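# Structural overview
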Amino acid sequence: MTPGTEADLAEAVAAAEGPLRILGGGTRGVGRPVDGTALSVAGLAGVELYEPGALTLVVKAGTPLAEVERVLAAEGQRLAFEPMDHRGLLGTGGDPTIGGVVAANVSGPRRIQAGACRDALIGVRFVDGRGQVLRNGGRVMKNVTGYDLVKLMAGSRGTLGVLTEVAFKVLPAPESVATLTLHVADSGPAFDAMTRAMKSPFEVSGAAWAPGAGAVHLRLEGFSGSVGYRAGRLTDLLGDLGEVTVETGAEANAALWRAIRDAEALADHPYVWRVSMAPGAMRRGFMADLDRTARFDRLLDWAGGLCWIGMTEAQAAEYAPRYGADDAPAGAVRFHRDLQQAMADPELGGGHATLVKGPAALRAEVSVFQPEPAPLAALARGLRAQFDPRGILNPGLMG
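Below: a short report on this structure.

Rules and cut-offs
- Every chain is numbered on its own, with residues counted from 1 as its sequence reads.
- For a predicted model such as this one, the threshold for reporting local features is a pLDDT of at least 70, and the threshold for listing and counting side-chain atom pairs is 80 or more; totals across whole chains, interfaces and linings nevertheless cover every residue.
- By convention in this description, side-chain values take in all heavy atoms of the structure and omit both hydrogens and water.
- Helix and strand assignments come from DSSP, with helices taken as H or I runs of at least 4 residues and strands as E runs of at least 2, each series counted from the N terminus.
- As a reference, a globule follows 2.2 Å times the number of residues to the power 0.38, and the radius of gyration itself is taken over C-alpha atoms.
- Each residue's exposure class comes from its accessible area (1.4 Å probe, protein chains only) as a fraction of the maximum for that residue type: buried when under 20%, exposed when over 50%, partly exposed otherwise.
- Polar contacts here mean pairs of N or O atoms no more than 3.5 Å apart (in protein, one a potential hydrogen donor and the other a potential acceptor; neighbouring residues in sequence count only if both atoms are side-chain atoms).
- Throughout, a contact is declared for two residues whenever any of their heavy atoms are within 4.5 Å.
- Here, a strand pair is defined by DSSP locating no fewer than two bridges between the strands.
- Lines fitted to C-alpha atoms define the axes, with helix axes restricted to the stretch in contact, and inter-axis angles between N-to-C directions lie between 0 and 180 degrees.
- Among buried residues, the Ala, Val, Leu, Ile, Met, Phe, Trp, Tyr and Cys ones that are joined through side-chain atoms within 4.5 Å form a nonpolar core.
- Salt bridges, as used here, are contacts in which a Lys or Arg side-chain nitrogen is within 4 Å of a carboxyl oxygen on Asp or Glu.

## Considering the overall build of the protein chain
Regarding its fold elements, the protein chain presents 15 helices and 17 strands. Computed over its C-alpha atoms, the radius of gyration of the protein chain comes to 21 Å, within 12% of the 21 Å expected for a compact globule of 399 residues. Expressed as lengths along the three principal axes of its C-alpha atoms, the size of the protein chain is roughly 65 × 60 × 35 Å. Across the 399 residues that make up the protein chain, the buried fraction comes to 50%.

What follows is the structure, given as structure tokens:
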């Protein structure tokens, strides 16, 4: 089903006699497989309101993300949270939609400076599991009544309601960009570099480490004179850790940060996990523990607060015998459970581990998202019961 209006969508949800699989562009297949009738919001597309002077944008949920970015770029503006494109990593087709971005709370490297998708969201319209149209928040930044519910919809992945319209605050695009690359292979200097950069007054908008390439990347954005000055000062600050090079080309910078944003280095891996935790905890506990148990391919973003882990079939098969398993799929299951168990260990600092990429059989067997503590799980069930009492919106997806 692809309703063309919000009223048609509400009618379709109200009339549904069984589970619904909510779709935008179908590019972000993260979660457990959902067995239900496909309901797409792709028919709800178009810009409803754009006021560049007020830095606000209101757009229908099925609008392709590329169209949103084109409209903003024409006015020298952008979505500051830099949403990831999952297609390369997951091998999916289609066009990402802005509603899908919100539903998954998709945020890229600039999250450390500008915040997440939910922090830019100021209003939503959605259809709940009863088929009722609800509106929360506003269309301009000065009208943010109900902001908490707006944030709640970001990351709910269609389990609380089907988004039909979203409103954002947007920001100007920078005049200039520069990336400092520190050439180090070890985790100690890499974390030191990212920590120094983030604690400095130089307004770093991206901090990532690619261990395989032996490179820490630090991004600076703003007016040309300011970027040049900050690049020089930051180079001096990091000079004792290793060789620093500076890239100022717009196209080269765009390609580099797109690769980091989309975890392109792990696109060929059949199994990919996303681990989020405090950078200090990542350094002290999790990274050291991971180095001891298995040296999988990885990429760190958010100054060390986000770790992408990629596993090949050979690595999964090698991991399996340690726990009595006998093949790669069993090894991947075992690693996934070990990973989520490690996140629940307070000595490692706590965090969340999500299976982003894996065969449907694996995603059906395990808890794709980090299991919630009992009080939070109860709260989540209560919210779903309130907004979707029939349990028809993406049932089981968040398991």
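## Thoughts on the side chain of H269
Within the fold, H269 resides in the loop between α10 (250-261) and β14 (271-276). Among the residues examined, H269 registers a relative accessible area of 9% and is labelled buried. One polar contact links H269 to D297, side chain to side chain, over a distance of 2.6 Å. Sequence-distant contacts of H269, that is, excluding residues within four places in its chain, are made with D297, G310, M311, T312 and K357.

## Some remarks on the environment of W257
Of note, W257 is situated in helix α10. Residue classification places W257 among the buried positions, given a relative accessible area of 2%. Aside from chain neighbours lying at most four places away, what touches W257 is E82, P109, T179, G206, A207, A208, H217, L218 and R219.

## Focus on the environment of G358
Within the secondary structure, G358 sits in the loop between β17 (352-357) and α14 (360-365). On a C-alpha basis, the gap between G358 and M311 in space is 9.9 Å, while along the polypeptide they are 47 residues apart. When near neighbours in sequence (up to four residues on either side) are disregarded, G358 contacts P270, Y271 and R363.

## Considering the side chain of N253
With respect to the helices and strands, the residue N253 is situated in helix α10. Excluding anything up to four places from it in sequence, N253 contacts V177, A178, T179, E247 and T248.

## Brief notes about the sheet that holds strand β6 (residues 121-127)
One open sheet accounts for five strands, arranged β3-β4-β8-β6-β7; its pairing is antiparallel. In this open sheet, the two strands that pair with only one neighbour each are β3 (47-51) and β7 (133-137). Averaged over all pairs of adjacent strands, the angle between their axes in this sheet comes to 10 degrees, without regard to strand direction. Pairing between β6 and strand β8 (residues 162-169): six bridges, direction antiparallel. For F126, the partnering residue across the bridge sits in β8 and is L163. This element, helix α1 (residues 6-15), spans β6, β7 and β8 of the sheet and lies at about 55 degrees to β6.

## Some details on the nonpolar core
Ranked by size, the top nonpolar core spans 94 residues in total, and within it F168, V275, F286 and W308 carry the most contacts. Among the elements that line this core, the one with the most residues is helix α13 (residues 328-343), at seven residues. Each residue touching W308, except ones within four places of it in the same chain, is listed here: M84, L89, A263, L266, V272, W273, R274, D297, R298, L299 and V356. Within the second largest apolar cluster, 14 residues are counted, among which are L9, A12, L44 and I392.

## Considerations on the pattern of salt bridges
All told, the structure shown has 13 salt bridges when counted by the stated rule. We note a salt bridge from E82 to R219, for which the minimum N-O separation is 2.9 Å. Pair noted here: E82 is in the loop between β5 (77-78) and α3 (87-90) and R219 is in strand β12 (residues 215-222), with a separation of 137 residues, a long-range link. By relative accessible area, which is 11% here, E82 ends up buried.

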